[in-house]
Amino acid sequence: MSVLETTDTAAAGPVLVRQDGPAAHITLNRPAQRNALSLEVMREVTAALNRLGEDKSVRAIVIEGSGPAFCAGHDLGEMVGRDLPFYQQVFDVCTEMMEAIHRVPQPVIARVHAIATAAGCQLVAACDLAVAAEDARFATPGVRIGLFCSTPMVPLSRAIGRKRALEMLLTGTPIDAPTALDWGLVNRVVPADALDETISALVDAIAGSSSFTVAIGKEAFYQQIDLDEPRAYDLTKTVMSMNMLAADAQEGICAFLEKREPNWTGR
């Protein structure tokens, strides 16, 4: 039975981690709070990402939520009446979690079964890939409560572009899953009962390639994405040249030429 299907997850910790074949699942497990990102939750997610990032048996990481929401953003209940150092700590810890998603060598996939708002929408935008149920929704509504979604703006604007990001940020109006797909916030929109099958297919496609090569490619992607074109080419031609020296690259090319399946070693 999936973690998301059990009835006693609320009695467990606020973050659950399990492995299912080549995929590791990190489940936000505060259903009564709509999986709000408390300091504890963010620290546990970051620790789980760092730990899984070192596990060579894990080929992809899935971030998901329990209960009626994917993630409602920051835990506003712990953010009332605090001082500046506390607020700085909250956003420092949040940024560390988002950066950990990009830093781990495995692709990170958001499994969005329901609404994702504010820092929850940021979490979706920060993930390498995202699959959403047809009735999922996405919003950055902080402007409506006097707290502009400034940190969610960082991955959101990079995922969907300036005009679309500003529409979400300035109005706080939710978008539906088909719009999120059209705007590039998610990769797939499927019926809710097809979420796991779709994610498993993505994981299997990833796991079919060299883990070493996937890690090189993910790291290079984030290094080049904000560079101008000449500097991006300077970086990536060096990356590809070094990649060619890898055992898996030589094995993969030879396997292709010899019309056989490659034997990956992760080197």
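Residues numbered from 1 in each chain as written. Predicted model: local features only at pLDDT ≥ 70, side-chain atom pairs only at ≥ 80, totals over all residues. Heavy atoms only, no water.

Section: a nonpolar patch on the surface
Stage number 1. Nonpolar side chains collect at one region of the surface, where Val143, Phe148, Leu166 and Leu170 lie side by side and expose about 320 Å² of accessible area between them.
Stage number 2. Its place among the elements puts Leu166 in helix 5 (residues 162-171).
Stage number 3. On the basis of relative accessibility, which here comes to 38%, the residue Leu166 falls in the partly exposed class. (Patch = residues over 30% accessible without salt bridge, like charges linked within 9 Å, V, L, I, M, F, W, Y side chains within 5 Å. Areas by Shrake-Rupley, 256 points an atom, 1.4 Å probe, with all protein chains shown as cover. Salt bridge = Lys/Arg side-chain N within 4 Å of Asp/Glu carboxyl O. Helix = DSSP H or I, 4+ residues; strand = E, 2+ residues; numbered from the N terminus. Buried < 20%, exposed > 50% of the residue type's maximum accessible area, 1.4 Å probe, protein only.)

Considering the nonpolar core
Stage number 1. Among the nonpolar cores identified, the biggest contains 54 residues, and Val124, Phe138 and Leu185 are the most heavily contacted of them.
Stage number 2. Sorting elements by how many residues they give to this core places helix 2 (residues 84-103) first, with 8 residues.
Stage number 3. Contact partners of Val124, with chain neighbours within four places excluded, come to Phe70, Ala110, Val112, Ala116, Ala130, Phe138, Leu185 and Val186.
Stage number 4. Grouped together as the second largest cluster of nonpolar side chains are 13 residues, Val131, Ala133, Ile199 and Ile206 included. (Core = buried A, V, L, I, M, F, W, Y, C linked by side-chain atoms within 4.5 Å. Contact = heavy atoms within 4.5 Å.)

Considering the packing of helix 4 (residues 153-160) against helix 5
Stage number 1. The interhelical angle for the contact between helix 4 and helix 5, taken along N-to-C directions, is 140°, at an axis separation of 7 Å. The angle between helix 4 and helix 5 falls in the class oblique. Judged by the sense of rotation from one axis to the other, the crossing of helix 4 with helix 5 is right-handed. Residue-level inspection shows Met153, Leu156, Ser157 and Ile160 of helix 4 in contact with helix 5, the latter providing Arg162, Arg164, Ala165, Met168 and Leu169. (Axes fitted to C-alpha atoms, helices over the stretch in contact; angles between N-to-C directions. Parallel < 35°, antiparallel > 145°, perpendicular 65-115°, else oblique. Left-handed = near helix turned anticlockwise from the far one by under 90°.)

Some thoughts on the confidence of the model for the chain
Stage number 1. On average, the chain scores 95 in pLDDT, and the residues at 70 or more come to 96%.
Stage number 2. Below a pLDDT of 50 lies the segment residues 1-8, which in the model reaches 11 contacts outside its immediate sequence neighbourhood of four places, other chains included. (pLDDT = per-residue confidence, 0-100.)

Here we look at the environment of Ile160
Stage number 1. If you trace the backbone, Ile160 turns up in helix 4.
Stage number 2. You can call Ile160 buried: its relative accessible area is 7%.
Stage number 3. For the pair Ile160 and Met42, spaced 118 residues apart in sequence, the C-alpha separation works out to 24 Å.

Brief notes about the environment of Gly67
Stage number 1. Position of Gly67 among the secondary structure elements: in the loop between strand 3 (60-65) and strand 4 (69-71).
Stage number 2. Taking the C-alpha atoms as reference points, Gly67 and Asn50, separated by 17 residues in sequence, lie 25 Å from one another.
Stage number 3. Each residue touching Gly67, except ones within four places of it in the same chain, is listed here: Pro31 and His113.

Observations concerning the sheet that holds strand 8 (residues 137-139)
Stage number 1. Sheet architecture is open: 4 strands sit in the order 4-6-8-9, paired in mixed fashion. The two strands at the open ends of the sheet, each matched to only one other strand, are strand 4 and strand 9 (175-176).
Stage number 2. Relative to strand 8, strand 6 (residues 115-117) is paired through 2 bridges, and the arrangement is parallel. Each residue of the ladder has a partner; that of Thr117, found in strand 8, is Ala139. (Pairing = 2+ DSSP bridges.)

Overview of a negative patch on the surface
Stage number 1. The grouping of Glu134, Asp135, Asp193 and Glu197 at the surface amounts to a negative patch.
Stage number 2. Inspection of the secondary structure assignment puts Glu197 in helix 7 (residues 195-207).
Stage number 3. Relative accessible area serves as the criterion here: at 61%, Glu197 is assigned to the exposed category. (Lys, Arg positive; Asp, Glu negative; His and termini not counted. Charge placed at Lys NZ, Arg CZ, Asp CG, Glu CD.)

Structural notes on the packing of aromatic side chains
The relative placement of two aromatic rings is captured by the distance of their centres and the angle of their planes.
Stage number 1. Applying the stated criterion across every chain yields a total of 2 aromatic pairs.
Stage number 2. For the pair Phe86 and Tyr87, a centre-to-centre distance of 6.1 Å together with 75° between the ring planes defines the contact as edge-to-face.
Stage number 3. Here Tyr87 falls in the partly exposed class, since its relative accessible area comes to 22%.
Stage number 4. Between Arg82 and the ring centre of Phe86, over which it is positioned, the NZ or CZ distance is 4.2 Å. (Phe/Tyr/Trp six-rings, centres within 6.5 Å; stacked < 30°, edge-to-face > 60°. Lys NZ or Arg CZ within 6 Å of the ring centre and 35° of its normal.)

Looking at the pattern of salt bridges
Stage number 1. The full count for this structure, using the stated rule, is 10 salt bridges.
Stage number 2. With a shortest N-O distance of 2.6 Å, Arg260 and Glu258 are connected by a salt bridge.
Stage number 3. Beyond isolated ion pairs, a larger network of salt bridges with shared partners links Arg18, Glu64, Arg111 and Asp196.

A few points about the environment of Gly208
Stage number 1. With respect to the helices and strands, the residue Gly208 is situated in the loop between helix 7 and helix 8 (211-224).
Stage number 2. Note: C-alpha distance between Gly208 and Pro152 (56 residues apart in sequence) is 33 Å.

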